[in-house]
Amino acid sequence: MNYQNYSSIFTTPVEKIGIRIVDDTLTNINWLPDNVPILDSNSSFSNKIQSLILQYLEDGRPLPDIPMTLTGTAFQLKVWNALKNIKMGHVITYGDLASKLQTSSRAIGQACRTNPVVIFVPCHRVVSASGIGGYMGKQNRINIKTWLLEHEKVNA
DNA sequence: GATACAGGCTTGT
DNA sequence: ACAAGCCTGTATC
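Residues numbered from 1 in each chain as written. Chains lettered and ligands numbered in written order. Predicted model: local features only at pLDDT ≥ 70, side-chain atom pairs only at ≥ 80, totals over all residues. Heavy atoms only, no water.

## As for the environment of P62
When you line up the elements, P62 lands in the loop between α1 (44–59) and α2 (74–84). Sequence separation between P62 and E152 is 90 residues, and the spatial gap between their C-alpha atoms is 9.4 Å. (Helix = DSSP H or I, 4+ residues; strand = E, 2+ residues; numbered from the N terminus.)

Structural data, given as structure tokens:
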């Protein structure tokens with residue numbers, strides 16, 4: 001988990017985003033603090049990913065399936081895969097997803113937290129049964145989650 | 001509201 | 001192998 005070697009770092013309507021590409025597959029997308037310097041895209045593939053993300057965040061265009069290389073435990077891959085099936089503007093609770101995967105709600109949160117590819121794996125569409133839930137383990141990141149949900153609600 | 005405990009999984013010792 | 005910590009849920013006061 002080092003914060004160098006991004007393929008591209010750019011500004012979005014929400015916050016800065018850094019993406020990492022390996023062998024023309026997407027491996028990481030991260031929200032970055034505002035003081036991180038911009039990094040120009042260094043390949044046509046990362047160019048394409050960058051514009052897909054911007055189209056989604058600016059115009060609400062749904063994200064297509066693109067080549068990704070996700071590294072994680074079998075359980076995490078199962079959860080992330082289930083999340084990709086949630087449609088735009090639709091949400092599910094940790095508990096619902098847990099019973100669907102025959103596990104516990106807390107394990108779902110744990111898997112969502114380590115999601116390496118935000119937005120493409122829509123961990124923000126999983127909410128708590130009694131509220132919005134958390135986002136990336138930090139309270140100050142919840143505004144991103146609510147922003148995305150509002151954004152999708154308008155565009156659904 | 002708060003507080004306690006159950007619960008599956010990851011990560012660090 | 002053990003313990004602690006999680007983007008939780010339910011029960012209970």
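## Quick word on the domain arrangement of chain A
Assigned domains within chain A: domain 1 (8–59) and domain 2 (74–155). Just the C-alpha atoms count here: the centres of domain 1 and domain 2 sit 21 Å apart. Every contact between the two is made by 16 residues of domain 1 and, on the other side, 17 residues of domain 2. A buried area of about 1400 Å², summed over both sides, lies between domain 1 and domain 2, and 67% of it is on carbon and sulfur atoms. Three residues, I29, W31 and Y56, lead the burial of domain 1 against domain 2; their summed loss comes to 49% of the area buried on that side. In this assembly, domain 1 and domain 2 are joined by one salt bridge. With its nearest N and O atoms 3.1 Å apart, the salt bridge here joins E15 to R141. (Domains from an automatic or database assignment. Contact = heavy atoms within 4.5 Å. Buried area = accessible area lost by both parts, 1.4 Å probe. Salt bridge = Lys/Arg side-chain N within 4 Å of Asp/Glu carboxyl O.)

## Quick word on the protein's contact with DNA strand C
Inspection of the region around DNA strand C gives 16 residues, with Y94, C112, R113, S128 and A129 positioned closest. Backbone polar atom of G95 to a phosphate oxygen of DNA strand C: 3.3 Å apart, as the coordinates give it. If you list the elements that add at least two residues to the surface near DNA strand C, you get α3 (94–100) and α4 (105–113). If one sorts the elements of the surface near DNA strand C by residue count, α4 sits on top with six residues. (Near = heavy atom within 4 Å. Polar contact = N/O pair within 3.5 Å; in protein donor to acceptor, adjacent residues only side chain to side chain.)

## Digging into the pairing of strand β3 (residues 25–32)
Most of β3 sits inside the fold, with eight of its eight residues counted as buried. Sheet topology note: the strand β2 (residues 16–22)/β3 ladder contains seven bridges and is antiparallel. Counted as the bridge partner of G18 is N30 from β3. (Buried < 20%, exposed > 50% of the residue type's maximum accessible area, 1.4 Å probe, protein only. Pairing = 2+ DSSP bridges.)

## What about the nonpolar core?
Of all hydrophobic cores here, the largest spans 39 residues; its most connected members are W31 and I53. Looking at this core, the elements that each hand over two or more residues are β2, β3, α1, α2, α3, α4 and α5 (142–155). Looking at which element gives the most residues to this core, the answer is α1, with seven residues. Of the domains in this structure, domain 1 (8–59) and domain 2 (74–155) are the two that each give at least three residues to this core. (Core = buried A, V, L, I, M, F, W, Y, C linked by side-chain atoms within 4.5 Å.)

## A look at the packing of α2 against α4
Look at α2 against α4: their axes get within 9 Å of each other, and the N-to-C directions meet at 85 degrees. By the angle class used here, α2 and α4 are roughly perpendicular. Where α2 abuts α4, its residues F75, Q76, V79, W80 and L83 lie against A107, I108, A111 and C112. Its residues assigned to classes, the contact of α2 with α4 shows eight nonpolar, one polar and no charged. (Axes fitted to C-alpha atoms, helices over the stretch in contact; angles between N-to-C directions. Parallel < 35°, antiparallel > 145°, perpendicular 65-115°, else oblique. Nonpolar A, V, L, I, M, F, W, Y, C, P; charged D, E, K, R; others polar.)

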